[in-house]
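Structure at a glance
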Amino acid sequence: MTEVVNPPKEQAIEVGSRRSLPEWLYRVAVALAAIALAGLAWIRTPRYFYIDDTQSQGLPTMHLIGRTLREGQWKLLYSDLGVGGNLATDPQYGMFFPPKLLLSIYVSLFDDVRLAASLLSALFLAVLALGMVFALRAGGASRGWSAAAALATASSGFLFVWAAAGWQPALWAFALIPWLWYSLIKERAAILVPGVFLTSWGLVGFAFPFAAVCGIALFCCWAVVQLWNGRRFRLVVSAALAMASGCLLGAINYLPLFLAASYTTRNSGLRNDAGLVPNLGDLLSSWSPVSTAQMYYWNGHITAVPILYLGWFILPILPLIRWRRDILGSPRILEMTLFGSAALLLSQLPSEVGPFRWPFRVIPAIAIAAAALIALIVSRVGLRITRGRLLWSAGLLLVGVWMQFGRTPTDALQIVLSFMVVAALFTWLAMAVKRGRSASLVATIGTMVCAVGTLWALPAPGTNPEVLDFGYATKVSEMPALPVAPDQRTMLLHTPSEDIAADYAKGITVAFVPVYQNRYPGLGYFAVGQKTLQAALCQDFLGRVCPAAVPFLASREQTTGQRWMDLLNYSQILVSDELYDPAQFEDWRVAERLDGYVILERLTAAPAETVSYAAPGVDISVESQAANSTSYSVRSESGGRIVFDEIYWPGWRAELDGRDIPVTDLDGILLTLDLPAGADGTLTITYGPVPPSLTLGLLVTSLVCLLGAALIGRRNTTRTKPDAVNAPV
């Protein structure tokens, strides 16, 4: 006995009956359902979107950047933050990407930064789901299956459990992939050119490189299908120029990193240690909302979060599809097939290819392609129930159970419960198909049910070794301030062995968290750090150092004869008892003792503010300071060396009364210059990581590409029909 889903019954609700929802209201409902996913996460724990990188790096820097912008300053470099203080060189801070700056201003308006992060994640989950609906509906998928695919993507393991919670730039970037596809599908110049331009700009500008690579791969797949048709060459050229325009504009955000690559910790090469390369065998259990993945990882070979969960119905529904030879005759299906295949290939890259690290970051593209293919194919050919097909589906589920048990046998009860829930949902779906009811409604409801299961199966907050929760306050007003004066340059020296929770009780926090209270403790989080200083202090990513850091700070630089702790120009040092050695801190006195820490104060004064050394015979004093420049009054008959307490990066320049003076680095760490003999005037040092001519060149090139795209695309005004999914290639 065979049964096929009843397309007329589902489609009747779409084509204008009195019972039908307006299309706009249907799409709003899908967006609200995606927001409801964020609400479920909040119910699970209000700190769900306030963990890991979001808590220690993302929110503090956004709050700092936002409030600085609101004060009328665009400050690129905080040398007080040491290794990680160059915000321009880390593209994720978006110092050259206006949308990210606007998001930073938004975050800075909140006292409760946890709430700000939660609302951001909810917003972009809705953007992702809406993009899927717009693209799939334009491609001809039914309302029901478009909604099911959209919510499956929004609740997929990588995006919902990992990115939305602790790695938000990944969610922001991948949320634009469906919108790029939608812009390409529509084909009208009025939508294609601005849509492709804006999404490409965002994909590059949000600085999650693999999302940009996946966007380019999607465009290439679309272009191949168009050209294979033997038509619309002008359309492809127009879209290519629009994408080039957006990518060039977004690339401005990367220029500081590219130009300073030799000084950064991200000057990577080509290597493979198998780190964070997905095991594609885990796709056999991608239907399980609690499935773990096997890959080399920071804390072992098994991840504790279901990053390869794609959707409960994605895999077991495959045997029920009424497969036909002409399925790939649909351009949209062929595009997603090529895109999914490209994503699978990208996921097996070496663990490091230049700036592209950890290929598991393309998993969202696999999730998008898988959900879109199911929606498009089922909308095109329907489902069919036979005993043999059901047995195949059951076999796929059991194979997934076996794979999960082999990965984590200690989670047997959780695996069995997950199997029972998905099996029950699949039985309900099969019954809906058999009776001619809406199988897509079952898929949608089941997706929400499995999202709940995913949330409640996660380790308790603060106990997951892979998704850290430092336990910090959620409100800026409740954040503890470092027990040091806010108006003095301070260095915090502590080791990874220190108890983070115990330190927090003393007001000592890690990474960038101290900037909430305007404390800049010398050693910030470095996603992209200054490699020479980082190596000298053997600093970890949270700003903690090893015991060798103290001997380095106490050592003397050869050309100046000064100790590095003086050259770095700190007025105070907050050092843990584990690192404190009185013999290493000459000319410093103990100002205060805390439990486990000592606060030291410098006894000798620096030559001038922001100047840590001036050669004998050089008189220098500060005249004025701006966000990215400082002017000094200088006078010297004999000339001599000046060392600033600014961390050296390419982009520093100096002028004496309008004439350029060469600048260099002191042992690769500090900015220095040689003042010429007879100098008497104003010395100005300015940090500008990108030459204006290069920025202008990219802007002009981007504009030319955009204008070319608009001109070439003027004739491509064909409107894509809603049932284009059925059009042959």
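Residues numbered from 1 in each chain as written. Predicted model: local features only at pLDDT ≥ 70, side-chain atom pairs only at ≥ 80, totals over all residues. Heavy atoms only, no water.

1. A look at the overall build of the chain
Regarding its fold elements, the chain presents 23 helices and 20 strands. Radius of gyration (C-alpha) of the chain: 29 Å, near the 27 Å computed for a compact globule of 729 residues. When contacts within the chain are restricted to residue pairs at least 6 apart in sequence, long-range pairs at least 24 apart make up 75% of them. The centroid of the 53 positive side-chain charges in the chain is displaced by 21 Å from the centroid of its 50 negative side-chain charges. (Helix = DSSP H or I, 4+ residues; strand = E, 2+ residues; numbered from the N terminus. Rg over C-alpha atoms; globule rule 2.2 N^0.38 Å. Contact = heavy atoms within 4.5 Å. Lys, Arg positive; Asp, Glu negative; His and termini not counted. Charge placed at Lys NZ, Arg CZ, Asp CG, Glu CD.)

2. Focus: the sheet that holds strand 6 (residues 356–357)
Ordered in space as 2-5-6, the three strands form an open sheet in which the pairing is antiparallel. If you trace the sheet from one side to the other, it starts and ends with strand 2 (270–271) and strand 6, each paired once. Where strand 5 (residues 352–353) meets strand 6, two bridges bridge the pair, whose relative direction is antiparallel. Bridge pairing links glutamate 352 to arginine 357 in strand 6. (Pairing = 2+ DSSP bridges.)

3. Some thoughts on the nonpolar core
Core analysis: the biggest nonpolar cluster contains 238 residues, and Trp145, Trp312 and Leu429 have the highest contact counts within it. Take this core: its biggest share by element is 16 residues, from helix 15 (residues 363–381). Sequence-distant contacts of tryptophan 312, defined by excluding residues within four places in its chain, comprise Trp287, Val422, Leu425, Phe426, Leu429, Val442, Ala443, Gly446, Thr447 and Cys450. In terms of nonpolar packing, the next biggest core, distinct from the first, is built from seven residues, Val484, Leu492, Ile508 and Leu574 among them. (Core = buried A, V, L, I, M, F, W, Y, C linked by side-chain atoms within 4.5 Å. Buried < 20%, exposed > 50% of the residue type's maximum accessible area, 1.4 Å probe, protein only.)

4. Overview of the pairing of strand 13 (residues 619–625)
Examined bridge by bridge, strand 13 and strand 14 (residues 629–636) share six bridges and lie antiparallel to one another. If you follow glutamine 625 over to strand 14, its bridge partner there is threonine 630.

5. Overview of helix 7 (residues 157–166)
Residues that lie three or four places apart on an α-helix share one face, since the helix turns once every 3.6 residues. Most of helix 7 is tucked away: ten of the ten residues are buried. For helix 7, the full list of buried residues reads Gly157, Phe158, Leu159, Phe160, Val161, Trp162, Ala163, Ala164, Ala165 and Gly166.

6. So, the state of the cysteines
Such a bond, covalent and formed between the sulfur atoms of two cysteines, is termed a disulfide. Taken as a whole, this structure holds one disulfide when the rule is applied. Linked covalently through their sulfurs, cysteine 538 and cysteine 546 form a disulfide whose S-S length is 1.6 Å. Given an S-S torsion of about -80 degrees, the disulfide between cysteine 538 and cysteine 546 has left-handed geometry. Cysteine 214 takes part in no disulfide bond, and the closest cysteine sulfur, belonging to cysteine 221, lies 10 Å away. With a relative accessible area of 0%, cysteine 214 lands in the buried category. (Disulfide = S-S within 2.5 Å.)

7. Things to note about helix 12 (residues 233–251)
Taking 1.5 Å as the rise per residue, helix 12 with 19 residues should run 27 Å; its terminal C-alpha atoms sit 26 Å apart, in good agreement. Of the surrounding secondary structure, the elements contacted by the buried residues of helix 12 are helix 9 (177–186), helix 10 (189–205), helix 11 (209–228) and helix 23 (692–712). (Expected span 1.5 Å × (residues − 1).)

8. Regarding the packing of helix 14 (residues 331–346) against helix 15
Axis separation between helix 14 and helix 15 bottoms out at 9 Å; the angle between their running directions is 155 degrees. Between helix 14 and helix 15, the crossing angle belongs to the class labelled roughly antiparallel. Where helix 14 crosses over helix 15, the two elements pack in a sense that is left-handed. On the side of helix 14, the interface is formed by Arg332, Ile333, Met336, Thr337, Phe339, Gly340, Ala343 and Leu344, while helix 15 contributes Ala365, Ile366, Ala369, Ala372, Leu373, Leu376, Ile377 and Arg380. For the contact of helix 14 with helix 15, the per-class residue count stands at twelve nonpolar, two polar and two charged. (Axes fitted to C-alpha atoms, helices over the stretch in contact; angles between N-to-C directions. Parallel < 35°, antiparallel > 145°, perpendicular 65-115°, else oblique. Left-handed = near helix turned anticlockwise from the far one by under 90°. Nonpolar A, V, L, I, M, F, W, Y, C, P; charged D, E, K, R; others polar.)

9. Quick word on unusual backbone geometry
Although it is not a glycine, asparagine 518 adopts a positive phi angle of roughly 60 degrees. If you trace the backbone, asparagine 518 turns up in the loop between helix 19 (500–505) and helix 20 (531–537).

10. A short note on the pattern of salt bridges
Close approach of charged atoms allows side chains with opposite charge to pair. Across all of its chains, the model carries 18 salt bridges by this definition. A salt bridge links glutamate 23 to arginine 27; the shortest N-O distance between them is 2.9 Å. Of this pair, glutamate 23 and arginine 27 are both found in helix 2 (residues 23–44), four residues apart, which corresponds to roughly one turn of the helix. Looking at glutamate 23, the relative accessible area reads 23%, which means it is partly exposed. The residue arginine 544 makes a salt bridge to aspartate 540 at a minimum N-O spacing of 2.8 Å. Judged by relative accessible area, which is 17%, aspartate 540 ranks as buried. Among the charged side chains, a network of salt bridges with common partners joins Glu23, Arg27, Arg137 and Arg143. (Salt bridge = Lys/Arg side-chain N within 4 Å of Asp/Glu carboxyl O.)

11. Quick look at the environment of leucine 176
For leucine 176, the location among the structural elements is in the loop between helix 8 (168–174) and helix 9. The spatial distance from the C-alpha of leucine 176 to the C-alpha of glutamate 335 is 17 Å, given a sequence separation of 159 residues. Ignoring sequence-local partners within four residues, the contact set of leucine 176 consists of Thr199, Gly202, Leu203 and Phe206.

12. Digging into the side chain of serine 576
Along the chain, serine 576 turns up in strand 9 (residues 572–576). By relative accessible area, serine 576 is classed as buried at 0%.

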